[in-house]
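Coordinates in review
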Amino acid sequence: MSLSNKKFLVVGLGLAGSLISYLLHKQGAKVRVVNQTDPNSASMVAAGMWNPLSFRRTVPTWLAPTMIETIHKVYPEMEKDLSAKFFFPRKIVRYFPNEDYRAQWLKQAGKPEVSDFLFLGDDKLSVLKNLPSKVNPDQEYFGVVGEAGYVDLPAMIEAWKNFLIEQQAYTEAAYSSSFLDENETLIYANGVGALNTLPELDDILRKNKGEVLTLKNEWTGDTILNNGKWLLPLEDGNCRLGASYDWRSSELERSEEVKDFLLQKLDELLPGHESQLLKHDVGLRPTTKDRRPLVGPIPNRERTYIFNGLGTRGVLIGPYCALALVAHLSNKAEIPAEMNVQRFF
Ligand SMILES: Cc1cc2nc3c(=O)[nH]c(=O)nc-3n(C[C@H](O)[C@H](O)[C@H](O)COP(=O)(O)OP(=O)(O)OC[C@H]3O[C@@H](n4cnc5c(N)ncnc54)[C@H](O)[C@@H]3O)c2cc1C
């Protein structure tokens with residue numbers, strides 16, 4: 001069934017709201033978005049990286065091959081449709097903190113589900129370009145993820161928002177029920193803001209505070225460096241350094257302690273290297289107790305859906321989850337149990 005005669009109102013224009021409104025529009029639906037811009041929203045401060053491996057145990061993340069295949073379709077197509085650039089593949093150099101970790105990495109690298117994502121070229125050092133002279137890594141002590149990168153989320157959201165504005169389909173406001181037309185289906189994609197709009201999510205949706213720094217430095221590499229924390233070189237020549245994960249605090253104030261810790265990890269990555277701190281951002285990731293998204297019809301509400309809970313890996317899992325919701329809305333396809341909001345009710 002096509003969506004060409006269906007109307008939707010999406011609440012929120014972060015990563016979730018952008019993906020779901022864009023993909024519904026691509027299916028021919030008539031979509032409006034109401035969003036209250038917040039410079040501290042998760043999508044506005046996120047580094048936007050994707051990485052199909054979890055570095056804790058060197059294992060693939062949830063449905064990694066499918067997620068990777070999907071992001072390589074959705075973001076580039078969106079770039080093309082919007083004549084914008086925001087999808088940037090980058091390799092990740094993961095330094096091994098100790099012998100045990102190195103042994104685990106080498107063991108896991110022998111498995112196809114892991115090695116498929118690794119860069120296994122003979123000369124791994126060639127990946128590390130333009131390192132400062134004091135940095136002299138031993139190639140036995142790092143591994144390289146070949147399938148990774150980042151999406152410039154503010155650029156993506158801006159491009160899609162401009163399109164919506166041209167279509168007169170965007171309203172800058174906090175949602176209230178007076179916005180909803182009689183024949184529209186409502187989709188809440190408002191991140192942690194949903195805790196104020198949907199009381200039934202009280203014990204389901206959680207906040208995970210994150211902090212990230214933006215720096216200017218002389219390093220001109222094009223590889224993400226990771227030693228437990230990461231340094232991401234951006235297209236504009238600056239770098240981002242992050243991130244912190246805090247489940248206890250949901251206040252948006254910046255922590256000096258977090259900043260100092262991140263800078264200390266930077267010093268391990270690029271010893272003696274001069275950096276100028278440009279920005280210290282803080283935001284709240286919308287996540288859930290089982291770390292899976294919240295997708296589907298909200299129980300006991302008519303024509304009301306949710307697309308939320310994208311958590312720490314929104315860039316990687318967002319497109320696949322949005323397509324699952326589009327398939328459900330267009331032909332009643334089952335929403336996979338792991339992401340279905342019904343699992344909590
Ligand atoms: C420091 C940090 C670093 C991160 N790094 C990464 C990373 O490298 N890779 C990755 O994949 N993920 C990362 N994330 C997570 C990622 O940001 C989230 O998964 C994703 O951005 C969530 O998007 P969202 O659209 O659900 O929520 P949000 O980005 O919060 O968007 C919700 C939108 O809805 C609006 N809104 C809220 N309530 C209302 C209302 N009542 N009416 C109208 N509008 C409303 C908000 O203002 C906002 O614009 C990071 C997050 C943080 C905080």
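Scroll up a little and you will see the structure.
Let's talk about the sheet that holds strand β7 (residues 91-95)
Taken together, seven strands build an open sheet; the order of strands is β8-β7-β13-β14-β15-β12-β16 and the sheet is mixed. Of all strands in the sheet, those with a lone pairing partner are β8 (142-145) and β16 (275-288), marking the two edges. When the angles between neighbouring strand axes are averaged without regard to direction, this sheet yields 20 degrees. Strand direction decides the pairing type here: strand β12 (residues 205-217) and β16, joined by 13 bridges, are antiparallel. Across the sheet, residue G210 finds its bridge partner in β16, namely G283.

Let's talk about the pattern of salt bridges
The full count for this structure, using the stated rule, is 19 salt bridges. Among the salt bridges present, the one from D281 reaches K279, with a minimum N-O distance of 3.4 Å. Under the relative-accessibility criterion, D281 is labelled buried at 7%. K279 gets classed as partly exposed once you look at its relative accessible area, which sits at 45%. Linking D290 and R343 is a salt bridge whose minimum nitrogen-to-oxygen distance equals 2.7 Å. Of the two residues, D290 sits in the loop between β16 and β17 (294-297) while R343 sits in the segment after α9 (314-331), which places them 53 residues apart along the sequence. Since its relative accessible area comes to 33%, D290 is described here as partly exposed.

Things to note about the nonpolar core
I20, L24, Y75, I187 and F307 are the most contacted members of the largest nonpolar core, which totals 73 residues. Ranked by residues supplied to this core, first place goes to α9 with nine residues. Beyond its immediate stretch of four places on either side in the chain, I20 contacts V10, I187, A189, F307, A322, L325 and V326. Grouped together as the second largest cluster of nonpolar side chains are 19 residues, L128, L131, V144 and L231 included.

Notes on the side chain of K229
As for its position among the elements, K229 is in the loop between β13 (223-226) and β14 (230-233). Of note is the side chain of K229, whose polar atom sits 2.6 Å from the backbone oxygen of A243. When near neighbours in sequence (up to four residues on either side) are disregarded, K229 contacts G242, A243, S244, Y245, F261, L262, K265 and L269.

Section: the packing of helix α1 (residues 15-26) against helix α6 (residues 153-166)
Axis separation between α1 and α6 bottoms out at 10 Å; the angle between their running directions is 45 degrees. On the basis of their axis angle, the class for α1 and α6 is oblique. Between α1 and α6 the crossing geometry is left-handed. Taken together, the residues of α6 that come into contact with α1 (itself represented by L15, S18, S21, Y22 and H25) are L153, M156, I157, W160 and F163. Here the residues of the contact of α1 with α6 sort into seven nonpolar, three polar and no charged.

What to know about unusual backbone geometry
G242 connects to A243 through a cis peptide bond whose omega is -20 degrees. Note on placement: A243 falls in the loop between β15 (239-242) and α8 (256-269). One non-glycine residue, S83, lies in positive phi territory at about 50 degrees. Structurally, the position occupied by S83 is in the loop between α3 (64-82) and β6 (87-89).

Quick notes on the rules
Residues numbered from 1 in each chain as written. Predicted model: local features only at pLDDT ≥ 70, side-chain atom pairs only at ≥ 80, totals over all residues. Heavy atoms only, no water. Pairing = 2+ DSSP bridges. Helix = DSSP H or I, 4+ residues; strand = E, 2+ residues; numbered from the N terminus. Axes fitted to C-alpha atoms, helices over the stretch in contact; angles between N-to-C directions. Salt bridge = Lys/Arg side-chain N within 4 Å of Asp/Glu carboxyl O. Buried < 20%, exposed > 50% of the residue type's maximum accessible area, 1.4 Å probe, protein only. Core = buried A, V, L, I, M, F, W, Y, C linked by side-chain atoms within 4.5 Å. Contact = heavy atoms within 4.5 Å. Polar contact = N/O pair within 3.5 Å; in protein donor to acceptor, adjacent residues only side chain to side chain. Parallel < 35°, antiparallel > 145°, perpendicular 65-115°, else oblique. Left-handed = near helix turned anticlockwise from the far one by under 90°. Nonpolar A, V, L, I, M, F, W, Y, C, P; charged D, E, K, R; others polar.

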